[in-house]
Amino acid sequence: MKKLQWAAGIILAFSIIAALLITSFEIAMYADFGVYQREYEKYDVLSDLDMTMDDVMHVTEEMMAYLRGDRDELSVITTVEGKEQDFFNEQDRFHMGEVRDLFIGGLNIRLGACVIAVICLLFLILTKVQLRRIIPRSYFIALGVTAAAFVFIGLAALIDFNAVFVQFHHIFFDNDLWLFDPAEDYMIRMLPEGLFADMVARIGALFAGGLIILLILSLIPGIIKAKKQKK
């Protein structure tokens with residue numbers, strides 16, 4: 001029974017961490033659309049597109065709504081380079097359709113992770129395990145594995161973000177339609193590689209902060225118990 005309890009504790013910890021990671025993505029991408037405007041100003045995308053900031057932000061909001069499944073088609077009529085036209089082409093629509101599948105799949109994984117976490121917690125409660133003992137230790141194990149992976153990927157991205165970015169696409173996409181020509185494609189002009197690097201850093205900061213908060217929360221019951229014993 002003890003092995004099952006420890007297994008449940010570790011699965012619980014990893015499930016919570018997985019949910020936190022996906023939530024970090026969602027917060028970074030959707031909590032503050034002002035970040036996109038700041039990125040566009042930083043990389044001077046308006047000059048590359050010959051568009052107003054209002055039009056670029058409108059395209060961004062519609063694109064992000066599409067990725068979340070809030071609209072069925074990726075098509076936005078706007079003024080680009082002095083012409084009123086659809087900002088997105090067929091390659092954009094195909095690739096972003098795959099990206100939407102990944103994003104919605106991630107949201108479903110988060111839901112599944114939360115369900116698994118609840119089941120594991122109920123199992124631990126019903127088997128009358130000492131939660132103050134098993135949960136912190138289980139979280140330390142999961143945190144150690146996660147931190148090692150986090151540091152490895154982070155260092156790789158710092159050394160060569162482009163290589164990591166390319167490898168990511170090779171892993172998650174089975175075609176080369178994620179390769180765009182800036183001379184022909186407006187979307188890639190709006191979304192330069194630097195913007196993705198900044199977004200990854202933003203996600204990483206949110207995720208790391210969440211991991212620290214979870215660590216503190218896991219330690220609180222033990223701290224309270226220790227104080228009571230001293231009294």
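Here goes a summary of the coordinates provided. Since the structure is predicted, the reported quantities are computational estimates derived from the model, not experimental observations.

When helices and strands are counted, the protein shows nine helices and two strands. When the elements of the protein are put in sequence order from the N terminus, they spell out α-α-α-α-β-β-α-α-α-α-α. For a compact globule of 231 residues, the expected C-alpha radius of gyration is about 17 Å, and the protein comes in at 22 Å, more than 25% above that figure. By its C-alpha atoms, the protein is 75 × 30 × 30 Å across when sized along the principal axes. Going through the 231 residues of the protein one by one, you find that 36% of them count as buried. Only carbon and sulfur atoms are counted for the fraction: they give 65% of the accessible area of the protein, which is about 13500 Å².

The next thing to look at is the nonpolar core. Core analysis: the largest hydrophobic core is formed by 34 residues, its most contacted members being Y36, Y40, M63, F87, F88, M187 and M190. Breaking this core down by element, the ones donating at least two residues are α1 (2-30), α2 (34-42), α3 (45-49), α4 (53-67), α5 (90-126), α8 (186-190) and α9 (193-230). In terms of residues, this core owes the most to one element, α4, which gives eight residues. Aside from chain neighbours lying at most four places away, what touches M63 is L74, F88, M96, M187, M190 and L191. By size, the runner-up hydrophobic cluster in this structure holds eight residues, among which are I17, L20, Y139 and L211.

Under the definition given, this model contains zero disulfides. Looking at C114, it has no disulfide partner, and the nearest cysteine sulfur is the one in C120, 12 Å off. Judged by relative accessible area, C114 falls into the partly exposed class, the value being 36%.

Calculation notes
Residues numbered from 1 in each chain as written. Predicted model: local features only at pLDDT ≥ 70, side-chain atom pairs only at ≥ 80, totals over all residues. Heavy atoms only, no water. Helix = DSSP H or I, 4+ residues; strand = E, 2+ residues; numbered from the N terminus. Rg over C-alpha atoms; globule rule 2.2 N^0.38 Å. Buried < 20%, exposed > 50% of the residue type's maximum accessible area, 1.4 Å probe, protein only. Areas by Shrake-Rupley, 256 points an atom, 1.4 Å probe, with all protein chains shown as cover. Core = buried A, V, L, I, M, F, W, Y, C linked by side-chain atoms within 4.5 Å. Contact = heavy atoms within 4.5 Å. Disulfide = S-S within 2.5 Å.

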